[in-house]
Amino acid sequence: MNLLKRRILQEGIALNQNVLKVDSFLNHQVDPKLMYEMGKAFKDYFENCGITKVVTIESSGIAPAVMTAIQMNIPMIILKKQKSKILSGEVYQKTVYSFTKNVDYELTLSKKYICKDDKVLIIDDFLAYGEAALGAISVIEQAGANVLGIGIVIEKSFQPGRKILEDKGYNIYSLAKISKLGEGIIEFVEE
Ligand code: 5GP
């Protein structure tokens with residue numbers, strides 16, 4: 001998605017060889033028009049897959065996910081990152097490790113909002129090691145539902161997330177794929 005790549009080049013800050021900051025349009029301030037275009041791109045790619053729900057992880061996946069859901073005319077679910085205070089029998093949960101932040105968090109999905117017939121599109125802001133996506137897949141599959149696609153805004157293709165998910169058979173579509181980061185360096189995978 002050229003619009004997104006241009007914004008990354010103009011405003012993205014590579015903190016080091018592993019982490020990209022895009023706080024000016026995605027992770028802190030949000031550009032709604034860009035989110036709308038992202039939603040359209042995800043809808044165009046996944047619209048014939050029979051998706052019934054969009055699932056995302058709080059908080060930076062919410063803006064692109066809601067734009068996707070509104071254009072696919074289906075509900076959107078936010079996976080919570082805190083441990084549930086309600087009875088564990090009422091929720092699906094999975095512990096996820098974040099390499100970027102070096103912490104564990106607990107992904108939580110209420111049993112009320114998912115069922116075994118759901119066909120899910122997961123949307124998230126970044127794909128790095130695939131831990132967040134695997135956690136989301138786990139809680140969705142605990143419900144007996146199927147993950148039919150994973151839509152990612154920014155994939156860091158030099159990290160192993162895509163390969164791990166593809167090896168498990170998941171269909172991933174990324175709007176921008178980064179091949180290299182470094183001080184003052186942001187390079188994209190040639191496509
Ligand atoms: P993974 O679980 O695939 O290792 O990492 C994905 C999650 O970590 C995303 O949901 C995102 O919040 C965060 N993340 C990973 N890499 C980056 C990055 O380079 N920049 C930002 N802003 N977040 C990242």
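This text follows the structure it describes.
The structure displayed is predicted, hence computed values, not measured ones. (Residues numbered from 1 in each chain as written. Predicted model: local features only at pLDDT ≥ 70, side-chain atom pairs only at ≥ 80, totals over all residues. Heavy atoms only, no water.)

(A) Spatial organisation of helix α3 (residues 32-46). The terminal C-alpha atoms of α3, which comprises 15 residues, lie 21 Å apart, in line with the 21 Å expected from a rise of 1.5 Å per residue. Where α3 is concerned, the buried positions are L34, M35, M38, G39, A41, F42, K43 and F46. Close packing links the buried residues of α3 with α1 (2-11), α2 (23-27), α4 (62-72), β7 (119-127), β8 (146-156) and β9 (172-182). Of the residues flanking the start of α3, the one acting as N-cap is D31, its side-chain oxygen 3.0 Å from the backbone nitrogen of K33. (Helix = DSSP H or I, 4+ residues; strand = E, 2+ residues; numbered from the N terminus. Expected span 1.5 Å × (residues − 1). Buried < 20%, exposed > 50% of the residue type's maximum accessible area, 1.4 Å probe, protein only. Contact = heavy atoms within 4.5 Å. Polar contact = N/O pair within 3.5 Å; in protein donor to acceptor, adjacent residues only side chain to side chain.)

(B) Region of the structure containing the site of the ligand. The full set close to the ligand counts 15 residues, and L20, Y129, G130, A132 and K156 are the nearest of them. Residue Y129 places a main-chain N or O atom 2.8 Å away from an oxygen atom belonging to the ligand. When isolated, the ligand has an accessible area of 500 Å², and the protein chains bury 88% of it. At the level of elements, β7 and α5 (131-142) are the ones that each hand at least two residues to the shell around the ligand. Here the shell around the ligand is composed, by residue class, of seven nonpolar, four polar and four charged. (Near = heavy atom within 4 Å. Areas by Shrake-Rupley, 256 points an atom, 1.4 Å probe, with all protein chains shown as cover. Nonpolar A, V, L, I, M, F, W, Y, C, P; charged D, E, K, R; others polar.)

(C) Summary view of the environment of G184. The topology assignment puts G184 in the loop between β9 and β10 (185-188). A C-alpha to C-alpha distance of 29 Å links G184 and I150, two positions 34 residues apart in sequence.

(D) Structural view of the state of the cysteines. Tallying each qualifying case throughout the model produces zero disulfides. Here C49 is not disulfide-linked; the sulfur of C115 is the nearest cysteine sulfur, at 18 Å. Take C49: its relative accessible area is 31%, and that puts it in the partly exposed class. (Disulfide = S-S within 2.5 Å.)

(E) Seen up close, the packing of aromatic side chains. Applying the stated criterion across every chain, the model contains six aromatic pairs. For the ring pair Y45 and F46, a centre distance of 4.8 Å and an interplane angle of 80° mean the geometry is edge-to-face. Of the aromatic side chains, those joined through ring pairs into one cluster are F42, Y45, F46 and Y173. Positioned above the aromatic ring of F188 is the side chain of K5, whose terminal nitrogen or guanidinium carbon lies 5.5 Å from the ring centre. (Phe/Tyr/Trp six-rings, centres within 6.5 Å; stacked < 30°, edge-to-face > 60°. Lys NZ or Arg CZ within 6 Å of the ring centre and 35° of its normal.)

(F) Looking closely at the packing of α1 against α3. Relative orientation of the contacting elements α1 and α3 amounts to 140°, with a least axis distance of 10 Å. Taken together, the axis directions place α1 and α3 in an arrangement best described as oblique. With respect to the hand of their crossing, α1 and α3 are arranged in left-handed fashion. Mapping the contact onto sequence places L3, L4 and R7 in α1 and L34, E37 and M38 in α3. When its residues are assigned to classes, the contact of α1 with α3 shows four nonpolar, no polar and two charged. (Axes fitted to C-alpha atoms, helices over the stretch in contact; angles between N-to-C directions. Parallel < 35°, antiparallel > 145°, perpendicular 65-115°, else oblique. Left-handed = near helix turned anticlockwise from the far one by under 90°.)

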